Amino acid sequence: AAKAAGRGKHCFYEPSMHSEAADRQALENDLRQAIDRGELEVNYQPIVRAASEEVSGFESLVRWNHPVRGPISPAKFIPLAEECGLIGSIGHWVMETALKEAAHWPSHVRIAINLSPIQFNDPGIVDAIAKAIDDSGINPGQVELEITEGVFLAEGESADETFARLKNLGVRLALDDFGTGYSSLGYLKKAPFDKIKIDQSFVRGAASPTNRNSAIIRAIVTLAESLEMETCAEGVETHDDLALIRELGCSHVQGYIFGRPAKPEEAREVANRSRVEADGFQCLREPRH
Ligand code: C2E
Ligand code: MG
Ligand code: MG
Ligand code: MG
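Residues numbered from 1 in each chain as written. Chains lettered and ligands numbered in written order. Predicted model: local features only at pLDDT ≥ 70, side-chain atom pairs only at ≥ 80, totals over all residues. Heavy atoms only, no water.

1. Remarks on unusual backbone geometry
The backbone of Asp177 sits at a positive phi, close to 55°, despite the residue not being glycine. Mapped onto the elements, Asp177 comes out in strand β6 (residues 172-178). On the basis of relative accessibility, which here comes to 26%, the residue Asp177 falls in the partly exposed class. If you check the backbone angles, Glu228 has positive phi at about 55° while not being a glycine. Examined against the element boundaries, Glu228 turns out to sit in the loop between α11 (213-226) and β8 (230-234). (Helix = DSSP H or I, 4+ residues; strand = E, 2+ residues; numbered from the N terminus. Buried < 20%, exposed > 50% of the residue type's maximum accessible area, 1.4 Å probe, protein only.)

Structure below.
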């Protein structure tokens, strides 16, 4: 434990936790080397215009192929990266990789990038984003940064200024996972979001007559429209849910029904299609999780 303490926040220790703590420490050590060893990759999931089924863009989603343990979910290793100080370098690598990839797509196709609250609060973030956009040669208007409500919790003094500087770069801002967490409506007036992404937990099974999710989605769409923001329903898997999402007026849809996160070559091919059909694009390489 003493050894770990020197490295930062990982410092608790109890005998009963030995194997869990040791496991975590091992994973942290592996993650530290993952970029250099080429174990990370970025996959791209289509985001589709609900009415026309045109490909609006892709969300970049990082993948870790651990040499021994196999694929590890970002839901597990991103929080670890945030806790042990690695999110800055991983996030930067994802951004550079995704922007370079998106430079191969038609210029109307957007690239969405998840920005951890820790990255957002890094004083150098705006300059780093500006440089990555410049290096890639992409148009800033093609870039959409996905931010969660977490940025408002750990809010640095300069959050308002960061939002203003990001808008000044010409990038788009999306509020991710809306409806989970704290969902204060105050957040919507604080930051100049272009899009609200409605969390999967409201979308999945919303077409079932016994649940109240469709009323909630309808309210979010009304709110977004009056604030002139787009809406994206996340996690649409079935034709029933897609039909309901359209009826409720969401402008964008993302989910397995239109495609799973895909390898860059496959995403490039999809980016060049004028539209993508529900169930028409299957990424067989990524198992359902
Ligand atoms: P997120 O940003 O909300 O990303 C959407 C997640 O939903 C992705 O999971 C995606 O694969 C999954 N998904 C999309 N459509 C469906 C569907 O129809 N059904 C189901 N069951 N799932 C669907 P993934 O790739 O495992 O990522 C999980 C979370 O990890 C992301 O949630 C995001 O919070 C984080 N993450 C992933 N990549 C990055 C990254 O590069 N940077 C940061 N900071 N976070 C990332
Ligand atoms: Mg996201
Ligand atoms: Mg999300
Ligand atoms: Mg999510």
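So, next bit.
2. Side note on the site of ligand 1
The full set close to ligand 1 counts 23 residues, and Arg63, Asn114, Gln200, Glu237 and Tyr256 are the nearest of them. Gln45 has a polar side-chain atom sitting 3.0 Å from a nitrogen atom of ligand 1. The separation between a nitrogen atom of ligand 1 and a polar side-chain atom of Glu237 is 2.6 Å. Starting from 800 Å² of accessible surface for ligand 1 in isolation, the protein chains cover 87%. Those elements that place two or more of their residues in the shell around ligand 1 are β2 (55-66), α3 (74-83) and β6. (Near = heavy atom within 4 Å. Polar contact = N/O pair within 3.5 Å; in protein donor to acceptor, adjacent residues only side chain to side chain. Areas by Shrake-Rupley, 256 points an atom, 1.4 Å probe, with all protein chains shown as cover.)

3. Considerations on the packing of helix α6 (residues 125-136) against helix α8 (residues 159-169)
Their axes nearest at 10 Å, the elements α6 and α8 cross at an angle of 15°. Judged by the inter-axis angle, α6 sits roughly parallel to α8. The element α6 and its partner α8 pack so that their crossing is right-handed. Taking contact as the criterion, the partners of Ile125, Val126, Asp127, Ile129 and Ala130 in α6 are, on α8, Thr162, Arg165, Leu166 and Leu169. In terms of residue class, the contact of α6 with α8 is made up of six nonpolar, one polar and two charged. (Axes fitted to C-alpha atoms, helices over the stretch in contact; angles between N-to-C directions. Parallel < 35°, antiparallel > 145°, perpendicular 65-115°, else oblique. Left-handed = near helix turned anticlockwise from the far one by under 90°. Contact = heavy atoms within 4.5 Å. Nonpolar A, V, L, I, M, F, W, Y, C, P; charged D, E, K, R; others polar.)

4. Examining the coordination of the magnesium ion (ligand 3)
Taken together, Asp176 (OD), Asp177 (OD), Glu234 (OE) and Glu234 (OE) make up the full set of protein donors to the magnesium ion (ligand 3), lying 2.2 to 2.6 Å away. Mapped onto the sequence, the residues coordinating the magnesium ion (ligand 3) show the spacing D-D-x56-E. A spacing of 3.7 Å is found between the magnesium ion (ligand 3) and the magnesium ion (ligand 2), which share Asp176 as a donor. For Asp176, a relative accessible area of 5% corresponds to the buried category. (Donors = N, O, S within 2.8 Å, 3.2 Å for Na, K, Ca; no water.)

Purely spatial values, then, with no claim about function.
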